[in-house]
Amino acid sequence: MTVGSGKVTSDWGRTFDQFAVWRPLRLLRLLGPVVQGITLDRNTAGDAYFPTVHIHVLAVPFPVISLTMGQRLLDDSGAQKQVMFSRHAEEFRVAVEGVRRQSSLSVDEPPGIVEVVRALHDHAKNRHADGHPPAVHEVGQSILVAAVCAEQDLVDEGTAVARSLLEVWPRTRLPLDWVNGRVWLDEVLGRARDAKDLARVVDQQIGYHKLADIPNLI
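As the structure is a prediction and not an experimental result, all values here were calculated from the model.

Draft legend 1. Region of the structure containing the packing of aromatic side chains. According to the stated counting rule, one finds 6 aromatic pairs in the structure shown. When the ring of W12 is compared with that of F92, the centres are 5.5 Å apart and the planes differ by 70 degrees; the resulting orientation is edge-to-face. Of this pair, W12 sits in helix α1 (residues 5-15) while F92 sits in helix α2 (residues 88-102), and the two are 80 residues apart along the sequence. Judged by its relative accessible area of 5%, F92 falls in the buried class. Taken together through their ring pairs, the aromatic side chains of W12, F16, F19, Y49, F85 and F92 make up a single cluster. The residue whose ring lies beneath R23 is W22, and the NZ or CZ to ring-centre distance is 4.1 Å.

Draft legend 2. How the structure looks around helix α6 (residues 181-192). An ideal rise of 1.5 Å per residue puts 16 Å on 12 residues; α6 measures up with 16 Å between its terminal C-alpha atoms. Among all positions in α6, only G181, W184, L185, V188, L189 and A192 are buried. Along the axis of α6, the buried residues cluster in a sector spanning 125 degrees; they form a single face. Across from the buried face of α6, at angles greater than 90 degrees, the exposed residues are R182 and E187. Where the residues of α6 are buried, they touch α4 (136-148), α5 (152-166) and α7 (195-208). The distance from a side-chain oxygen at the start of α6 to the backbone nitrogen of R182 is 3.0 Å, and the residue carrying that oxygen is N180.

Calculation notes
- Residues numbered from 1 in each chain as written.
- Predicted model: local features only at pLDDT ≥ 70, side-chain atom pairs only at ≥ 80, totals over all residues.
- Heavy atoms only, no water.
- Phe/Tyr/Trp six-rings, centres within 6.5 Å; stacked < 30°, edge-to-face > 60°.
- Helix = DSSP H or I, 4+ residues; strand = E, 2+ residues; numbered from the N terminus.
- Buried < 20%, exposed > 50% of the residue type's maximum accessible area, 1.4 Å probe, protein only.
- Lys NZ or Arg CZ within 6 Å of the ring centre and 35° of its normal.
- Expected span 1.5 Å × (residues − 1).
- Arc of directions from axis to C-beta.
- Contact = heavy atoms within 4.5 Å.
- Polar contact = N/O pair within 3.5 Å; in protein donor to acceptor, adjacent residues only side chain to side chain.

What follows is the structure in structure tokens.
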């Protein structure tokens with residue numbers, strides 16, 4: 001039997017009850033300056049959804065809640081697994097366990113800031129190793145998240161990761177507005193030194209995205 005988005009959303013919401021329903025097919029919770037989400041991303045035809053876990057960093061103004069570090073559920077062959085709305089009742093529980101098993105960040109026990117920042121580092125390193133475009137934004141965001149949480153050791157760790165990746169990122173795959181690595185990193189570190197301004201941006205983004213009622217678990 002085909003079920004609607006409301007039923008699908010409520011089933012996932014009841015299962016992951018530390019998340020709040022933000023919009024249909026979107027569950028969110030706050031980890032300090034970071035949003036962690038489970039998005040039930042519709043396919044093009046609209047008759048199925050892809051369970052997708054992700055984060056979004058609030059220390060950088062952005063018009064939407066992004067799918068940063070997005071991980072779609074994979075089947076046993078490594079292909080993206082979609083759940084048909086007509087088979088939701090039969091496949092939902094298996095999909096839930098797959099999400100729990102495959103997510104790089106726990107979707108049950110809330111991950112801490114150290115885990116989130118290091119997951120961003122690993123994501124950036126893996127993207128380079130796999131030949132994907134450089135994860136410039138994710139590396140910068142890892143430094144800003146650490147800074148707004150007053151985790152100076154993590155800021156230093158992220159800076160070291162940034163410098164090592166700057167040595168290997170191919171110039172031809174960097175953003176079109178890229179000037180050079182030194183200018184980019186100096187700009188990120190300049191923002192990281194103003195933790196009060198970063199906190200102000202986080203608060204502004206919480207209001208902008210209407211997240212005030214989303215549980216903050218850090």
